[in-house]
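Residue-level listing of the chains:
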Amino acid sequence: MQTPPLGRVLVVDDDPTVAEVVAGYLDRAGYDVDRAADGPAALDRAAAHGPDLVVLDLMLPGMDGLEVCRRLRARGPVPVIMLTARGDEDERILGLEVGADDYVTKPFSPRELVLRVESVLRRARAATAPKPAGPLRAAALTVDPAARRAVKAGVELALTIREFDLLSFFLRHPGRAFSREELMQQVWGWDFGDLSTVTVHVRRLRGKIEDDPAAPRLIQTVWGVGYRLDPDLDLDPGLDPGLGPHGDATRSDRAPEVPRPDRAPEVPRPDRAPDVPRSDRAPADWTRPRA
């Protein structure tokens with residue numbers, strides 16, 4: 001009995017050697033592989049066959065990988081892993097911002113790429129699986145994990161899969177600080193990768209849920225650690241009658257300080273005698289007689 005493929009992967013690269021090597025490794029790992037050499041052909045193949053994941057080279061003739069990624073994501077939430085040249089940090093960050101799920105820098109290990117494909121597919125399938133958890137709320141935010149729906153002040157937010165998962169994770173652990181390594185592993189299941197991926201997603205999420213992304217009050221940066229969701233920071237302490245202008249308590253149910261009844265005032269100890277000159281101590285002008 002033939003084992004069904006693990007998924008359909010579209011490999012898009014204008015270098016036939018790279019495309020052949022990547023396709024060969026994915027095929028041996030159990031994936032059904034399709035190939036395209038440029039952007040328009042990639043979009044046509046994706047529309048015709050509906051891949052589960054796309055391995056997409058950033059530098060393509062005619063239409064670059066960023067534009068291909070934008071158009072693919074406009075059609076639906078297909079996972080994308082970008083292949084980029086080493087050192088093109090700006091392009092990698094931009095690729096993540098337009099919707100890429102991960103990236104691999106050239107030259108790369110084909111076996112590492114296969115592991116990344118497995119990780120991204122596993123995460124994408126887990127994200128689409130129904131979850132029994134009820135709605136999560138903080139301040140003006142309401143997130144329904146089962147419906148994959150996030151609302152702020154009655155307005156639905158357009159969040160990507162990774163942004164939604166990140167926000168849901170924060171809401172499930174309010175007030176707790178997480179490092180970028182922990183977020184990468186616990187939110188997306190990555191055991192390796194560039195930590196700037198987390199930074200980019202946090203910045204994008206802040207841009208959608210914060211009133212002022214330049215001065216975020218919900219997702220706080222914990223210097224030297226990572227990030228923390230403070231669900232009550234959007235409330236002005238001055239509006240709470242129980243808090244003073246600096247957040248100190250002034251509530252009416254707080255009793256004023258009174259002297260402790262079990263603490264007696266200090267009195268002179270009756271057993272302590274006043275200081276008196278010692279009888280065995282000679283006056284200051286006393287001198288010993290010479291022999």
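See the structure above.
Since this is a predicted model, take the numbers as computed values, not measurements. (Residues numbered from 1 in each chain as written. Predicted model: local features only at pLDDT ≥ 70, side-chain atom pairs only at ≥ 80, totals over all residues. Heavy atoms only, no water.)

Asks: Help me understand the overall build of the protein chain, please; the structure alone is not making it clear to me.
Replies: The helix and strand tally for the protein chain stands at eight helices and twelve strands. Considering the protein chain as a whole, with its 291 residues, one finds that 39% of them fall into the buried category. Pairs at least 24 residues apart make up 54% of the contacts formed inside the protein chain by residues separated by at least 6 positions. Put simply, the protein chain shows about 17,900 Å² of open surface, and 52% of that area lies on carbon and sulfur atoms. (Helix = DSSP H or I, 4+ residues; strand = E, 2+ residues; numbered from the N terminus. Buried < 20%, exposed > 50% of the residue type's maximum accessible area, 1.4 Å probe, protein only. Contact = heavy atoms within 4.5 Å. Areas by Shrake-Rupley, 256 points an atom, 1.4 Å probe, with all protein chains shown as cover.)

Asks: Would you mind going over the sheet that holds strand β11 (residues 219–222) with me for this structure?
Replies: The pairing of strands in a sheet comes from backbone hydrogen bonds and takes either a parallel or an antiparallel form. The three strands lie next to each other as β10-β12-β11, forming an open sheet whose pairing is antiparallel. Both outer strands of the open sheet, β10 (177–179) and β11, are each paired with one neighbouring strand and no more. Strand-to-strand twist in this sheet, taken as the mean axis angle between neighbours without regard to direction, amounts to 30°. Of the strand pairs in this sheet, β10 and strand β12 (residues 226–229) are connected by three bridges, and their pairing is antiparallel. Residue S179 lies in a different strand from β12, and its bridge partner there is G226. Along the sheet face, helix α6 (residues 161–172) touches β10, β11 and β12 and points at about 65° away from the line of β12. Docked against the sheet, helix α8 (residues 196–209) engages β11 and β12, running at close to 145° with respect to β11. (Pairing = 2+ DSSP bridges. Axes fitted to C-alpha atoms, helices over the stretch in contact; angles between N-to-C directions.)

Asks: Sorry, what's going on with the environment of D57 here?
Replies: Within the secondary structure, D57 is located in strand β3 (residues 53–57). Sequence separation of D57 and V104 is 47 residues, and the distance between their C-alpha atoms is 9.5 Å. Sequence-distant contacts of D57, that is, excluding residues within four places in its chain, are made with V12, D13, D14, G65, L83 and K106.

Asks: Would you take a moment to explain the nonpolar core for this structure?
Replies: Judged by nonpolar contacts, the single largest core of 26 residues is most densely connected at L166, L167, L183, I209 and I219. Every element with two or more residues in this core is listed here: β6 (136–138), β7 (141–144), α6, α7 (180–188), α8 and β12. The dominant element in this core, judged by the number of residues it contributes, is α6, at six residues. Sequence-distant contacts of L183, that is, excluding residues within four places in its chain, are made with L166, F169, F170, F178, W188, V198 and Y227. Grouped together as the second largest cluster of nonpolar side chains are 24 residues, L10, A46, V54 and A100 included. (Core = buried A, V, L, I, M, F, W, Y, C linked by side-chain atoms within 4.5 Å.)

Asks: Sorry if this is basic, but what is going on with the packing of α7 against α8 here?
Replies: Helices that pack against each other are described as a pair by the angle of their axes relative to one another and the distance between those axes. Relative orientation of the contacting elements α7 and α8 amounts to 80°, with a least axis distance of 9 Å. Classified by the angle between their axes, α7 and α8 sit roughly perpendicular to one another. Contacts between α7 and α8 involve R180, L183, M184 and W188 from the former and S196, T197, V198, T199 and H201 from the latter. Split by residue class, the contact of α7 with α8 holds four nonpolar, four polar and one charged. (Parallel < 35°, antiparallel > 145°, perpendicular 65-115°, else oblique. Nonpolar A, V, L, I, M, F, W, Y, C, P; charged D, E, K, R; others polar.)

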